[in-house]
Amino acid sequence: MLHYVTSHSVRQKEENKCVTVLFKAEGKYQQRIVFRFSSSDRPLAVGSTRSFQAKATMTTSWWRQRPSLCTPDELKEIITAPSGGYYALPTDPYNEVYPNVYISDGTTALCTCVLRRLRVTYVLNAAQGKDKWYNLINTSPAFYKDTGIEYMGVEAIDMSSFNLEPYFQEAADFIEKGLDSGGKVLVHCRQGISRSATLVLAFLMIKRHLTAQEAMRTVRSKREIIPNDGFLKQLCLLNDKLTKERRINSFISY
């Protein structure tokens, strides 16, 4: 049984309103979005709990909890399929995995002559730091000072327990800035298979609106990559988050 608790107007479109409504179901409060409201700011079905329950069920069925749209195992299958079900290491130090976006190992990022030849103008180090034990690459804006290259560093460790998600948006913005300037972006870590690949995948999902599966196929078709299990889970969570946000935005702008 659903009990109407409270609501507030979010957006008005002609005589209807999209509102956020708080329900109580089985002793727990749940938030839902309802579109079937009149200009009086009151639900069309406030005559009884039963009638309102029917209206709420009809107008919020799209919002019910859905299973995850992405799983780490599914992404692993995409990664290993081109190599016969096995993981494979890159055969090249760098690859262009998306127009003007490169993923590379740390050695490539340290060789400014190679970056000049590739005409790279932006470098994103997904393994910034001095501790080689954690496979970090010690670069900084000062390292590229005489090259005119814009730099961003992320102090990430290639471990399943490391939370890379807080850097997804900032990294995506940096890559997008480089592309918008007409330049080329190199994203690297130590081997160019996990941390750097994960940030590029997040960029494709956030800025190019690809699903996690589509982004993975795009990158894997150009380079062998092996994001760790923790990063794959974070990409799946990002995929579900972006899908939900776009679904809500599409509904509100309807």
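Residues numbered from 1 in each chain as written. Predicted model: local features only at pLDDT ≥ 70, side-chain atom pairs only at ≥ 80, totals over all residues. Heavy atoms only, no water.

Engineer: What's the story with the environment of Arg119 in this structure? I'm lost.
Structural biologist: For Arg119, the position within the fold is in the loop between α4 (112-118) and β6 (122-125). Note on Arg119: relative accessible area 64%, which makes it exposed. Considered as a pair, Arg119 and Asn100 are 19 residues apart in the sequence and their alpha carbons are 9.5 Å apart. (Helix = DSSP H or I, 4+ residues; strand = E, 2+ residues; numbered from the N terminus. Buried < 20%, exposed > 50% of the residue type's maximum accessible area, 1.4 Å probe, protein only.)

Engineer: Where do I start with the pattern of salt bridges in this structure?
Structural biologist: Think of it this way: side chains of opposite charge can pair up when their charged atoms draw near. In this structure the tally under the stated criterion is 3 salt bridges. Across the pair Lys76 and Asp229 runs a salt bridge, and its minimum N-O distance is 3.1 Å. Residue Lys76 is found in helix α2 (residues 72-80), and its partner Asp229 is found in helix α8 (residues 229-252); the two are separated by 153 residues along the sequence. Exposure remark for Asp229: the relative accessible area of 36% places this residue in the partly exposed category. (Salt bridge = Lys/Arg side-chain N within 4 Å of Asp/Glu carboxyl O.)

Engineer: I'm lost on helix α6 (residues 195-207) in this one. Help?
Structural biologist: Think of an α-helix as 3.6 residues a turn; residues three or four steps apart then line up on the same face. Spanning 13 residues, α6 covers 18 Å between terminal C-alpha atoms, matching the ideal 18 Å at 1.5 Å per step. Burial analysis of α6 places 12 of its 13 residues in the buried class, which makes it a mostly covered element. After α6 finishes, the residue His209 shows a positive phi value of roughly 60 degrees. (Expected span 1.5 Å × (residues − 1).)

Engineer: How should I be thinking about the pairing of strand β5 (residues 101-104) in this particular structure?
Structural biologist: In summary, the side chains of a regular strand alternate between the two faces of the sheet. Here β5 shows no split at all, with Val101 and Ile103 on one side and Tyr102 and Ser104 on the other all buried. Between strand β4 (residues 94-98) and β5, which pair antiparallel in sequence order, lie 2 residues; one of them, Asn100, sits at a positive phi of approximately 70 degrees. Where β5 lies against strand β8 (residues 185-188), 4 bridges are found, and the strand directions are parallel. Bridge pairing in β8 places Ile103 opposite Val187. (Pairing = 2+ DSSP bridges.)

Engineer: Hey, could you run me through a nonpolar patch on the surface in this one?
Structural biologist: A contiguous nonpolar patch, built from Trp133, Tyr134 and Met159 and spanning about 390 Å² of accessible area, is present on the exposed surface. Within the secondary structure, Tyr134 is located in the loop between β6 and β7 (150-153). The class of Tyr134 is partly exposed, set by a relative accessible area of 35%. (Patch = residues over 30% accessible without salt bridge, like charges linked within 9 Å, V, L, I, M, F, W, Y side chains within 5 Å. Areas by Shrake-Rupley, 256 points an atom, 1.4 Å probe, with all protein chains shown as cover.)

Engineer: Quick question: what am I supposed to make of the confidence of the model for the protein chain here?
Structural biologist: Caution is warranted with low-pLDDT regions, since their predicted coordinates should not be read in detail. Looking at the protein chain as a whole, the pLDDT averages 82, with 72% of positions reaching at least 70. In this model, residues 1-24 is a region of pLDDT below 50 whose contacts with residues beyond four sequence positions or in other chains number 85 contacts. (pLDDT = per-residue confidence, 0-100. Contact = heavy atoms within 4.5 Å.)

Engineer: When you look at helix α5 (residues 168-180) in this model, what are you seeing that I'm missing?
Structural biologist: Across its 13 residues, α5 extends 18 Å between first and last C-alpha, which sits within 8% of the 18 Å expected from 1.5 Å per residue. When we look at burial in α5, the residues that qualify are Phe168, Ala171, Ala172, Phe174, Ile175, Glu176, Gly178 and Leu179. In the stretch just after α5, Gly182 is the one whose phi turns positive, near 85 degrees.

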